[in-house]
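Analysis of the macromolecular model
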Amino acid sequence: MSEVTIDGEGTEEAPGLRSGSGHGSGLGSGLGSDPGSAPGPGPGFDPTHTPGLGSVPTPAPDENRRQVLYWRLLARLFDPEEQASLESASVAVVEDIGLPAALLDPSASVDSVVQRHPDLAAEFDGLMTPEPDADGTRDRAAEVRRAALASKVLLNVFATGSGTVTAEQLARWQSDAGWLERALGCRPGDLRGGGRGGSNGAGAGGGVGPTGTGVGMPAPDLSRLVPEIGPELGSIEAGLVRRMHLREVLADPALASRLTPSMSLIEQLLRDKNNLSGVALANAKALIKRYVDEVTEVLRTQVEKATVGELDRSVPPKRVFRNFDMDRTIWKNLTNWDPEEQRLYVDRLYYRHTSRKTTPQRLVVVVDQSGSMVDSMVNCTILASIFAGLPKVDVHLIAYDTQALDLTPWAHDPFETLLRTQLGGGTDGTVAMTLAQPKIAEPRNTVVVWISDFYEWRTDELFESMAAIHRSGAKFIPVGSVTSSGRGSVNPWFREKFKDLGTPVISGHIKKLVHELKTFLT
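Quick look at the structure, then. (Residues numbered from 1 in each chain as written. Predicted model: local features only at pLDDT ≥ 70, side-chain atom pairs only at ≥ 80, totals over all residues. Heavy atoms only, no water.)

Now for the packing of aromatic side chains. All told, the structure shown has 11 aromatic pairs when counted by the stated rule. Considering the side-chain rings of F463 and F494, the 6.4 Å spacing of their centres and the 70° angle between planes classify their relative orientation as edge-to-face. Of this pair, F463 sits in helix α16 (residues 459-471) while F494 sits in helix α17 (residues 492-501), and the two are 31 residues apart along the sequence. When the ring of F463 is compared with that of F498, the centres are 5.7 Å apart and the planes differ by 55°; the resulting orientation is tilted. Here F463, found in helix α16, pairs with F498, found in helix α17; they are 35 residues apart in sequence, far enough to count as distant. Looking at F463, the relative accessible area reads 9%, which means it is buried. Counting every residue linked through ring pairs, the aromatic cluster contains F454, F463, F476, W493, F494 and F498. Above the plane of the ring of F415 lies K289, whose end atom (NZ or CZ) is 5.6 Å from the centre. (Phe/Tyr/Trp six-rings, centres within 6.5 Å; stacked < 30°, edge-to-face > 60°. Helix = DSSP H or I, 4+ residues; strand = E, 2+ residues; numbered from the N terminus. Buried < 20%, exposed > 50% of the residue type's maximum accessible area, 1.4 Å probe, protein only. Lys NZ or Arg CZ within 6 Å of the ring centre and 35° of its normal.)

Following this line, the structure appears as structure tokens:
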């Protein structure tokens, strides 16, 4: 595991990553905090003196440079007003180490900097997860360079400001967030819960997109970041989307084309879809479909890679070249080896079995469509449509809040399914149970997936119904959160009850649910 750092020491938290309570004032100009409490060296600051410990050796010049860059980063994050002394000192440091002064411009996106200086693109990859020097020494000059680059991407991502956000500003933030994910050793989009590892995160205006990164790199250890970086990025993005005049943007095709689909944007579109019409509604549907198609491709790949049922050796193998078993053919014909001619005569060819045992299975997916479950709802609706395309799998889909809706006729089309959902409201799982129970005709061949945070009105009644499904022989899978980030809460009472029942709640990456379903259904 590579340890997350931005200066090579491995003991300092990345500035700005620990401050998840507020997200700023002024896009690109600082997080919203009390301007009067801005951190900084201030008058009389002496980095060579530690109170109570007396004088310490004067830091090396590179150490001072690195500290200047970090002080400037903290000052800009917590105070929109720049401090002239820190700015001038930082400009001098950046120019002295051969980096462009544009790195210190909060209004310049990382894309624009990299477009002008293409050689910097590679330096952002794994920037905050550097490999330790083989001899154990620290390259302090390299640490200063990393500090300058890290300060740029951190300031652009965490200084989100206040006021109205335009489509162009949202696209720029999404692109900068992609560069931060690259710096953390991940693919753009991986940490924000979109699950679209292949998305490039580039702004719609073109430029250099952060693509093709994270592949083959060791998984970074992000556990030291408090709060967790993925959910915080998603929260910041959701805040930006809420600050947009989304209806006006959607009504303008030119502005709508600049939007990059994300989970936060899709949630807002689903909430507001009933208030849209004409061009705005058409653009909203196009964005939802783009996102659904991208996530579908990722989930379909995960389904194809998941463990499947055992081989059915009662079905003769297909005699085609791709099934030809070379090793077995040689082994079975070794008795025909002619030592004089040095030849092996083959009497029979052998082929691999590829057919797997399958029986007709029924998948019943029940989705809580309250606002807090939108991420899980989108992922599981798409997942249901993928399994609906598998042979001998009968998929039924139910969405509920205080009322239940049978979406089975549209289960094959996640786009149409999502358009028919209505986010928000309370939750009463008993109304969904009334629709779900008649669908369990053959319990041994049925799996019920229940996606919810399980904060219900009638807890005892609902749990007894769920326990009855489990006792009937059906496979019951309670799901609390199936996102890339794994963020989500589950009613502790239900969590303990399900654990005692032997059906623990699945929370975390959607791959867990894919594995559970694929094992049972195939």
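Attention shifts here to α17. Between a side-chain oxygen at the N-terminus of α17 and the backbone nitrogen of W493 the separation is 2.9 Å; the capping residue is N491. G502 sits one or two residues past α17 and shows a positive phi near 90°. (Polar contact = N/O pair within 3.5 Å; in protein donor to acceptor, adjacent residues only side chain to side chain.)

Let us look at the environment of N323. With respect to the secondary-structure elements, N323 resides in the loop between α11 (278-305) and α12 (326-332). For N323, a relative accessible area of 6% puts it in the buried group. A C-alpha to C-alpha distance of 8.7 Å links N323 and Y350, two positions 27 residues apart in sequence.

Time to look at a positive patch on the surface. The grouping of R319, R328, K332 and R348 at the surface amounts to a positive patch. Along the chain, the position of K332 falls in helix α12. Judged by relative accessible area, which is 44%, K332 ranks as partly exposed. (Patch = residues over 30% accessible without salt bridge, like charges linked within 9 Å, V, L, I, M, F, W, Y side chains within 5 Å. Areas by Shrake-Rupley, 256 points an atom, 1.4 Å probe, with all protein chains shown as cover. Salt bridge = Lys/Arg side-chain N within 4 Å of Asp/Glu carboxyl O. Lys, Arg positive; Asp, Glu negative; His and termini not counted. Charge placed at Lys NZ, Arg CZ, Asp CG, Glu CD.)

For helix α6 (residues 167-183), built from 17 residues, the straight-helix expectation of 24 Å at 1.5 Å per residue is met to within 8% by its first-to-last C-alpha distance of 24 Å. With 14 of its 17 residues buried, α6 lies for the most part within the structure. Backbone geometry just after α6 places G185 at a positive phi near 85°. (Expected span 1.5 Å × (residues − 1).)

Tallied over the full model, the rule gives 14 salt bridges. Salt-bridge contacts for R140 lead to E63; the nearest nitrogen and oxygen are separated by 2.8 Å. Taken as a pair, R140 in helix α5 (residues 140-158) and E63 in helix α1 (residues 61-78) lie far apart in primary sequence, 77 residues in all. According to the relative accessible area criterion, R140 is partly exposed, its value standing at 30%.

Another aspect to go through is the pairing of strand β7 (residues 361-368). Of all 8 residues that make up β7, 7 are buried, and the element is covered over most of its length. Here β7 runs beside strand β8 (residues 393-400); their pairing, made up of 8 bridges, is parallel. Paired with Q361 across the strands is V393, a residue of β8. Bridge analysis of β7 against strand β10 (residues 446-451) gives 6 bridges, and the strand direction is parallel. The partner of V365 across the bridge, within β10, is V449. (Pairing = 2+ DSSP bridges.)

A separate point is the environment of M466. Of note, M466 is situated in helix α16. Exposure remark for M466: the relative accessible area of 0% places this residue in the buried category. Sequence spacing of M466 and I477 is 11 residues, and the spatial spacing of their C-alpha atoms is 9.8 Å. If sequence neighbours within four positions are ignored, M466 has contacts with M433, W450, F454, F476, F494 and F498. (Contact = heavy atoms within 4.5 Å.)

Grouped together as the largest cluster of nonpolar side chains are 95 residues, with contacts concentrated most on L180 and L259. Considering every element that reaches this core, the biggest residue donor is α5, with 10 residues. Excluding anything up to four places from it in sequence, L259 contacts A167, L170, M244, L246, V249, L250, L265, L287 and R290. Among the nonpolar cores identified, the runner-up in size contains 22 residues, and V364, I398, A432 and A436 belong to it. (Core = buried A, V, L, I, M, F, W, Y, C linked by side-chain atoms within 4.5 Å.)

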